[in-house]
Amino acid sequence: MRVAADLDLCQGHAECVEEAPTVFAYDEQTRQVDVLQEHPEESLRDQVKAAVAYCPAMALSLTHALADPTNEDD
Ligand code: SF4
């Protein structure tokens, strides 16, 4: 899976950091999300899905990783 953040939408609520702290961080300088892992491992899928779902700005998206065509359920 691949995680992307749209910084035009991110408002720095940091809900994503609460949900998936190893994948997202809050950047104090930009006051926006910092994506720590663009390709998180499968074990983090639930956390990442929650982060995407709870982001109030709908700034996060989860897509297929092009390098891993076996992941057909994401
Ligand atoms: S929850 Fe959404 S708006 Fe808040 S920091 Fe994360 S990406 Fe940005």
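Everything numeric in this text was worked out from a predicted model, so none of it was measured.

**A word on the overall build of the chain**
- Looking only at helices and strands, one finds two helices and four strands in the chain.
- For the chain, the sequential pattern of α-helices and β-strands runs β-α-β-β-α-β.
- Counting over 74 residues, the chain shows a buried share of 20%.
- Within the chain, contacts between residues separated by at least 24 positions form 60% of all contacts whose residues are at least 6 apart in sequence.

**Concerning the site of the ligand**
- In the vicinity of the ligand lie 16 residues, with Cys10, His13, Glu15, Cys16 and Cys55 positioned nearest.
- Looking at the shell around the ligand, the elements with two or more residues in it are helix H1 (15–19) and strand E3 (32–35).
- In the shell around the ligand, the residues fall into eleven nonpolar, four polar and one charged.

**Regarding the nonpolar core**
- Counting 13 residues, the largest nonpolar core has Cys16, Ala51 and Leu60 as its most contacted members.
- Every residue in contact with Cys16, bar those within four places of it in the chain, is listed here: Phe24, Val33, Ala51, Cys55 and Leu60.

**Some thoughts on the pairing of strand E2 (residues 24–27)**
- The pairing of E2 with E3 spans four bridges and is classified as antiparallel. Among the inter-strand pairings, Phe24 is bridged to a residue of E3, identified as Val35.
- Following E2, the chain reverses through four residues before pairing antiparallel with E3; Arg31 in that reversal takes a positive phi of roughly 60°.

**Thoughts on the environment of Tyr54**
- Checked against the element boundaries, Tyr54 lands in helix H2 (residues 45–54).
- In sequence terms Tyr54 and Glu18 are 36 residues apart; their C-alpha atoms lie 9.9 Å from each other.

**Concerning unusual backbone geometry**
- If you check the backbone angles, Ala14 has positive phi at about 65° while not being a glycine.
- Relative to the helices and strands, Ala14 resides in the loop between strand E1 (2–5) and H1.
- By the C-beta count within 10 Å, which is 18 here, Ala14 ends up partly exposed.
- One non-glycine residue, Met58, lies in positive phi territory at about 50°.
- Mapped onto the fold, Met58 is located in the loop between H2 and strand E4 (60–63).

Calculation notes
Residues numbered from 1 in each chain as written. Predicted model: local features only at pLDDT ≥ 70, side-chain atom pairs only at ≥ 80, totals over all residues. Helix = DSSP H or I, 4+ residues; strand = E, 2+ residues; numbered from the N terminus. Buried ≥ 20, exposed ≤ 12 C-beta atoms within 10 Å, placed from the backbone. Contact = placed C-beta atoms within 7 Å. Near = placed C-beta within 6 Å. Nonpolar A, V, L, I, M, F, W, Y, C, P; charged D, E, K, R; others polar. Core = buried A, V, L, I, M, F, W, Y, C linked by C-beta atoms within 7 Å. Pairing = 2+ DSSP bridges.

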